[in-house]
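Spelled out, the chains give:
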Amino acid sequence: MSFGLFAILLVLFSSCQVKSKEAKEETTVKPNVVVIYLDDLGYGDLSSCGATELETPNIDALAKGGIKFTNGYASSATCTPSRYALLTGMYPWKNKSAKILPGTAPLIIGTDQKTLPKMLKANGYQTALVGKWHLGLGSGLVNWNEKVTPGPNEVGFDYAYYMAATQDRVPTVYLQDGHVEGLEADDPIEIDYKNNFERQPTGLENPELCEMMWHHGHNSTIINGIPRIGYMKGGEKARWSDVDMADHFLLKAQEYVKSHKEQPFFLYYAMQQPHVPRTPHPRFAGKSGMGPRGDVILEADWCIGEFVKTLEEEGVLENTLIVFSSDNGPVLNDGYNDDAVEKLGKHKPAGELRGGKYSLFEAGTRVPFITYWKGTIEPKVSDALVCQMDLFASIATLVGTEEQSTDSKDLLDVFMGKSESGRESLIIEATTRTALRKGNWLLIPAYKGKALNKQVNIEVGNSPVPLLYNLKEDIAQQHNLASENPDKLKELMDAFIELRGADYTKTQKLELK
Ligand code: NG6
Ligand code: CA
């Protein structure tokens, strides 16, 4: 071979190699995934979902620039089970521990269990949690003065910055990767959910020390003038500032994006609003005219605007899938006198839906649900039936892997706006009771217990007879069609028992007549 020919071949060969390397890189580029998860935000709490008394421009921008789901569900009407389903792709009623947890509860996700962040990690992602955890920590009695483990790091998060349970529960401190932030060795933290410590003022005994008054529950240790659930002693320097919590989590989420933008990342940004105690930063206090609940919704909307701005400024917005949703439906008085009821005015947190948090009626689990991916997802409104639990299998497909061994359904095309074929059916859960959505029909089996939870003033869906609704014609669930439609009732009851098992009344006695 002449030298000339050899040189030409060499050039051709190396350019081919460069091309194939480029092609390989192209196929392995993976979008960042961010789940922005609010706490107790209702279907009607956004101006893009019909609210007329509140403006949520930043969340609206996601809804208008992405897919707004009108039949998007949390798996449950309370926090822990919904978060369990979101992160594991499993129905929460399959895990007996997946119910509202005290701040001292052990971790309820098995460290050998599949999780969304683990799956992403295995596919080259960096993974992070910023915000509310509430899935338990440790494996027995937690010593908050040592590394608290297992926790989020052991179920798939490389980085975790979080509050253990809820804003109204002790311990009121932040943890980073198992360590309480700012803890001083000579002021150890002690937590007890049954007995108070000596000389620790409580909401019950010292109402004069409360800046926010409790209504039901929430009468234990007073921290920052707010009486909490559970007793806490020590850790003075480590205690969080409630009014700064939103800014604090936002900053952590922004810092994470800035320092991890070079490789694909998954960020679970679990915001605390509008859960109680509602403590807007002074910048937002009084801004909604609706009291603290409205103010913290405005605050959350602002945080989301700032966060999306960071994605844009860091040059990753067009390479990031954002999922926005809420862990359960709305509640007004969830245990504090904070004007949520008194100043509500014409606002309807649940929109047209019946019920609210804790309820098997629609407002318990049907929540705002948006997917947004600038430049990739075409804006539209989708009526497809989707659940947060489905993100696991769908995101697995997105990153080029398969995930079939969970209750999660691969609805990637639906989440991307390419299909309207959502789920055929879904079991929803509310405080250990379950119901079935199938097509446009919703069956709530008969359950014992009070129809109305008087403390929170929410109809929870208990009835001595089964309730059957056609949601397409009756979204407000005003007409029980069970007795006039026995065939439909039987069809749904059979399907429900097949999916849920005949022992669904284990915790509730069936009174089907
Ligand atoms: C309830 C609390 C409520 C809230 C809820 C959990 C009382 C009386 N009520 O037990 O205030 O903390 O638990 O909410 O204590 S969730 O969104 O985390 O599920
Ligand atoms: Ca919640």
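Residues numbered from 1 in each chain as written. Chains lettered and ligands numbered in written order. Predicted model: local features only at pLDDT ≥ 70, side-chain atom pairs only at ≥ 80, totals over all residues. Heavy atoms only, no water.

A.B. asks: What should I look at first to understand the packing of aromatic side chains in this one?
C.D. replies: For any two aromatic rings, the description comes down to two numbers: the centre-to-centre distance and the angle of the planes. A full pass over the atoms with the stated rule returns 19 aromatic pairs. One aromatic cluster is present, built from ring pairs that chain together Tyr37, Trp133, Phe157, Phe266 and Tyr268. Here the basic side chain of Arg283 rests over the ring of Trp302, its NZ or CZ set 4.7 Å away from the ring centre. If you follow Arg354 out to its NZ or CZ, it ends over the ring of Phe361, 4.0 Å from the centre. (Phe/Tyr/Trp six-rings, centres within 6.5 Å; stacked < 30°, edge-to-face > 60°. Lys NZ or Arg CZ within 6 Å of the ring centre and 35° of its normal.)

A.B. asks: Help me understand the confidence of the model for the protein chain in this model?
C.D. replies: Detailed reading of predicted coordinates is not advised where the pLDDT is low. Here the protein chain averages 94 in pLDDT, and 93% of its residues register 70 or above. Low pLDDT, under 50, characterises residues 18-26; the stretch is placed with 0 contacts to residues that sit more than four places away or in other chains. Within the model, the stretch residues 508-513 combines pLDDT values under 50 with 14 contacts to residues more than four positions away or in other chains. (pLDDT = per-residue confidence, 0-100. Contact = heavy atoms within 4.5 Å.)

A.B. asks: What exactly am I supposed to notice about the environment of Leu452 here?
C.D. replies: Turning to its location among the elements, Leu452 is positioned in strand S22 (residues 452-453). Residue Leu452 is classed as partly exposed on the basis of its relative accessible area, which comes to 32%. Once residues within four sequence positions are removed from consideration, Leu452 is found in contact with Asn457, Ile458 and Glu459. (Helix = DSSP H or I, 4+ residues; strand = E, 2+ residues; numbered from the N terminus. Buried < 20%, exposed > 50% of the residue type's maximum accessible area, 1.4 Å probe, protein only.)

A.B. asks: For this particular structure, what's the right way to read the sheet that holds strand S6 (residues 174-176)?
C.D. replies: Picture the strands of a sheet paired through backbone hydrogen bonds; they go either parallel or antiparallel. Read from one edge of the open sheet, 10 strands run S7-S6-S5-S4-S13-S1-S14-S16-S2-S17, paired in mixed fashion. Every interior strand has two partners, whereas the edge strands, strand S7 (179-180) and strand S17 (380-382), have only one. Examined bridge by bridge, strand S14 (residues 320-326) and strand S16 (residues 369-372) share 4 bridges and lie antiparallel to one another. Following the sheet pairing, Ser325 is matched in S16 by Phe369. Docked against the sheet, helix H2 (residues 57-65) engages strand S2 (67-69), S14 and S16, running at close to 70° with respect to S16. (Pairing = 2+ DSSP bridges. Axes fitted to C-alpha atoms, helices over the stretch in contact; angles between N-to-C directions.)

A.B. asks: Is there a simple way to explain the pattern of salt bridges in this structure?
C.D. replies: Charged atoms that come close allow side chains of opposite charge to pair. Tallying each qualifying case throughout the model produces 30 salt bridges. One salt bridge connects Asp39 with Lys132, and the closest N-O pair in it is separated by 2.5 Å. Of the two residues, Asp39 is situated in the loop between strand S1 (32-38) and H2 and Lys132 in strand S4 (residues 126-132); the sequence distance between them amounts to 93 residues. Accessibility classification places Asp39 together with Lys132 in one group, the buried group. Note that Arg354 is salt-bridged to Glu459, the shortest N-O span being 2.9 Å. Separated by 105 residues along the polypeptide, Arg354 in the loop between strand S15 (336-337) and helix H7 (362-365) and Glu459 in strand S23 (residues 458-459) bring together distant segments of the chain. (Salt bridge = Lys/Arg side-chain N within 4 Å of Asp/Glu carboxyl O.)

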